[in-house]
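Breakdown of the fold
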Amino acid sequence: MKIRIFALAKELGMDSKVLIDECNKAGVKLKNSALASITPDERDIVIAYLEQKGKPAVSSEESSAQETLTPQREQPKMRNIKTMTSRPQPSRSSTQKSSGTSDEDSYSEEGASGVVVEQEEAETVSEDEVTTSQDDESIEETEEVAEGRSAALKRRSEESIEETAAKPESDQAMTRDDYVPAGGASGSNIREMKPIGSTRSSKPQPKAKPKSALPNVAAPPAYKQPVIPKPKKKEEKAQKPEVRLTADILEQKSPLAAHLAQHTEQKKKEKDRDPQDDDLKTRRGSLSLVEARKQRREQRKEGRRGFSGEGSEQQDVVGRRPRRSKRKHDTGNVVHKTEAEVEVPMTVRSLSEAMGRPAKAIMSIMFKEFGEMVTINQIIEEDVALAVAMELGVDLTFKRQRGALESVTEIIEQEDAPEDLVTRPPIITVLGHVDHGKTTLVDTLRKSNVKVVEGEAGGITQHIAAYQIEYNGHKLTFVDTPGHAAFSEMRSRGANVTDMVVLVVAADDGVMPQTAESISHVKASGVPMVVALNKIDLPDINEQKVMQELASQNVLPSEWGGETDVVRVSALKEMGLDNLLETLLLTAELHELKANPNRPAVGACLEGFRDEGRGSVAWLIVQKGTLRIGDAVICGKSYGYIRAMYDDTDQQIEEAPPSTPVKVTGLDSVPGAGDHFVVVETIDQARELAEERRHEGRADTLARHSGGPRTLEDILGSAIEGAIQDLPLILKADTPGSLEAIRSEINKFEHPEVRVKILHEGIGGVNESDVYLASASNAIIIAFHVVAEDRALNLATQEDVEIRRYSIIYEVVDDIRASLEGMLRPELVQEQTGRALVLQTFSISRYGKIAGCRVLNGTINRNDRVHLIRDQKILNQYPIASLKREKDDVKEVREGMECGILLSGFNDIKEGDLLEAFRINEVKRTLDSSS
Ligand SMILES: Nc1nc2c(ncn2[C@@H]2O[C@H](COP(=O)(O)OP(=O)(O)OP(=O)(O)O)[C@@H](O)[C@H]2O)c(=O)[nH]1
């Protein structure tokens, strides 16, 4: 009969597992289970084995002490410990004390476990002791030590009990030191250390399990692991009452009635409140959930539009941070402009930004239309940009950067406020034929003036180019020019300093060629003119003849009903000078000559020369502002500080108001007649400007800021822009008959928009005066059967004046006709190219509404515009943005074919609409055709 292990263990008073081990040791192999069973024979073997081993008959204390002091080689098997007492354990110090002479003893760490006293230690510990290696002497010593230790332990135990009784509960807790093994404390030399690979042990040591630094201790007091309470399920919300508290119920003296009324009132107020006060509404608790959600949605929308301005404020009120855009650069909404301005020079990028169109679209058009592959940073020409803009439906204009010189020109032309203007002296130029008395007249006026100073006080002996006299408290400035050519030269350089002209005509000589030329120059300049009929002191003069000659030059005297005042004077005899001066002042008054003296001075150089000892000297005449000593000036290519100033009597002056002629020193070089001068802020700026002009060879830029077309082709080109309606001509012929013939043919050209304007006509070759006049008036010189003088030719080349030579009168007439017709603006004629019917429409989000059409007749071209016809009514006209066949872009679609058309600027196309394509042709007009 089989015997169960647990029954045998019970019988033997052993633990089942211990028994199984013992069985195994006894040679009875068993399963490691208390339910395993053995036969009676095997039971006998085991019992015999156990009896053979025997049991130590020692007391528990002795056993404990002995175990403690007995060197251990094997780890005691703690699993056979059944119960543990809480007997006080010897501390390390006490152990050391008690062990006193135990230096030679070797303790294993496991030996420290011997301090634990078990109730059944006699049976269990004895199994594991290995004492065969101990000799008798050591045993005796051990027994002595054990006795000493036992006594010490007993003492310690008693003390400990007493201490325990005396100490509060918290002190009774065991400390770490209490568990330090008796002989195994750090620093003790009684332990035998066996490093791995030690020669004392040839066998490889099994890898020791990591051991706790603490020895085995007594069983802790029963401790129940606290149970973490499971999270309670959410309490269900209290059920709302099924019956709603309506206003009717609450109003019946309900305690909520007042609250409800107040709430309703508040809601009403919030509804009526200005939206700007809505931020108050966003405060939590003041809104219903629906309203708050709605408002947040609106604010998010605002936020998406941009976080500037009000949007950002609202974000702040709500207390949310604006969402970060995922894009690196927030490009914002793309604005598709229909008008744009771009600064030249421009790149694809700048054009794209200016028009609000993607650069890809521009590059695509350039590739398709011009076959050019461009990069985004490539500079593109203005005409190309215009074509691209037209293709994209943008009206493009160009903005040009102002250079330094343009800035100066701007200063020159800067208009002053009317309230800043004050009356200024007139600047008068004296013109006339040789020896008619111009110089005598001016000299007489000067001498009669109180300011005339005899001699040249300043030491400058050059000819004085301008004078200022005073008459009846009014100043008049006279400019003495070498002649009408110089007058026009000044004008051709843009120095229109003259306010009026005194034309000196000798009464005894009448109108002479240079008189006629002067008249032409004056008329071309457009300034008022007063005729001084000089030398009336001479006998035998025929005033009526002179008047008639003037009339023949289209200068009709006022006494003959004309507009030109003719004043009879004698420069030599000082007759009629008051009348002349009064007439000049009256004319000046009529023309309201005014200037702003409180601004940087602007004017012109009348003459420049070099003076020994003073360097360059310039005769300047101030037109606007006041010139002062120390001003930084640029004049033509010259610049410098105004070092000294002299008036027309060579007196030093400090400042020169408008219309004052002054000689100045201080410029680094001699400027030319007609050069403009401008006062700038710093000498550096003046130097920079001067160097720029010198470098670029644009010496006449300042002087020529009024430049215009100089050739017939220029005139035609400018005429298209509608800038010129007059064709200014200077006729020079070999005979009066030729002149008469040409004039009569030219006068036949009559048209309300264009006309020929003969500035000057004369017999003989083309001279410098003619060229100056043409240059100043942007006129063409017609030379019929005559040639130009060499100097005139050179001057014409220099001044870009065109001299056209003819030998056949009809050629002259034909050219002039062609020029006039070219000046007429072309007629714009619509030409219908084809019609298409909208069969179907397709909406494509990227593009818009595309009309699927069939071409009924003619052709539809990509560059055409179309009339949109709906119900026989023309709604509007639009450019074609896209024309496709299938998926391909095409330039034209012919009759009978189908195509897709996208209109630019119209997205409401419908089935049944009719698209009438047309193009606008420019038709050249003729003088004979009606306007
Ligand atoms: N009898 C008389 N002779 C005059 C009068 N004015 C000028 N003359 C004389 O005419 C001559 C020419 O005078 P200018 O003043 O030199 O004439 P101009 O127009 O300045 O001559 P250019 O400088 O060569 O262009 C001189 O001999 C003068 O004396 C006048 O009123 N009466």
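Residues numbered from 1 in each chain as written. Predicted model: local features only at pLDDT ≥ 70, side-chain atom pairs only at ≥ 80, totals over all residues. Heavy atoms only, no water.

Scanning the protein from N- to C-terminus turns up 27 helices and 35 strands. For the protein, the proportion of its 931 residues judged to be buried stands at 42%. Considering only residue pairs separated by 6 or more positions, the protein has 71% of its internal contacts joining residues 24 or more positions apart. (Helix = DSSP H or I, 4+ residues; strand = E, 2+ residues; numbered from the N terminus. Buried < 20%, exposed > 50% of the residue type's maximum accessible area, 1.4 Å probe, protein only. Contact = heavy atoms within 4.5 Å.)

On to the packing of helix H13 (residues 348-355) against helix H14 (residues 359-370). Interhelical geometry of H13 versus H14 gives an angle of 120° and a closest axis separation of 8 Å. Here H14 runs oblique to H13, going by the angle between their axes. Regarding H13 and H14, the two cross each other, and that crossing is right-handed. Between H13 and H14, the contacting residues are Val348, Leu351, Ser352 and Met355 on the first element and Ala359, Ile362 and Met363 on the second. (Axes fitted to C-alpha atoms, helices over the stretch in contact; angles between N-to-C directions. Parallel < 35°, antiparallel > 145°, perpendicular 65-115°, else oblique. Left-handed = near helix turned anticlockwise from the far one by under 90°.)

This brings us to the sheet that holds strand S24 (residues 726-733). In spatial order, the strands read S25-S24-S26-S27; together these four strands make up an open sheet with parallel pairing. For this open sheet the edge positions go to strand S25 (755-763) and strand S27 (803-806), each flanked by a neighbour on one side alone. The average undirected angle you get between the axes of adjacent strands in this sheet is 25°. Both S24 and strand S26 (residues 780-784) contribute to a ladder of five bridges, which runs parallel. Residue pairing across strands places Ala733 opposite Phe784, the latter belonging to S26. Running at roughly 175° to S24, helix H25 (residues 768-777) makes contact with S24, S25 and S26 of the sheet. On the sheet, helix H27 (residues 809-823) packs against S24, S25, S26 and S27 and is oriented at approximately 165° with respect to S24. (Pairing = 2+ DSSP bridges.)

Next up on the list: the site of the ligand. The local shell around the ligand holds 15 residues, among which Lys438, Thr439, Thr440, Asp537 and Ala571 are the closest. The separation between an oxygen atom of the ligand and a polar main-chain atom of Asp435 is 3.2 Å. A distance of 3.4 Å separates an oxygen atom of the ligand from a polar backbone atom of His436. Within the complex, 70% of the 640 Å² of free accessible area of the ligand lies under protein. With three residues, helix H17 (residues 438-448) is the largest single contributor of residues to the shell around the ligand. Of the residues in the shell around the ligand, the class split is four nonpolar, seven polar and four charged. (Near = heavy atom within 4 Å. Polar contact = N/O pair within 3.5 Å; in protein donor to acceptor, adjacent residues only side chain to side chain. Areas by Shrake-Rupley, 256 points an atom, 1.4 Å probe, with all protein chains shown as cover. Nonpolar A, V, L, I, M, F, W, Y, C, P; charged D, E, K, R; others polar.)

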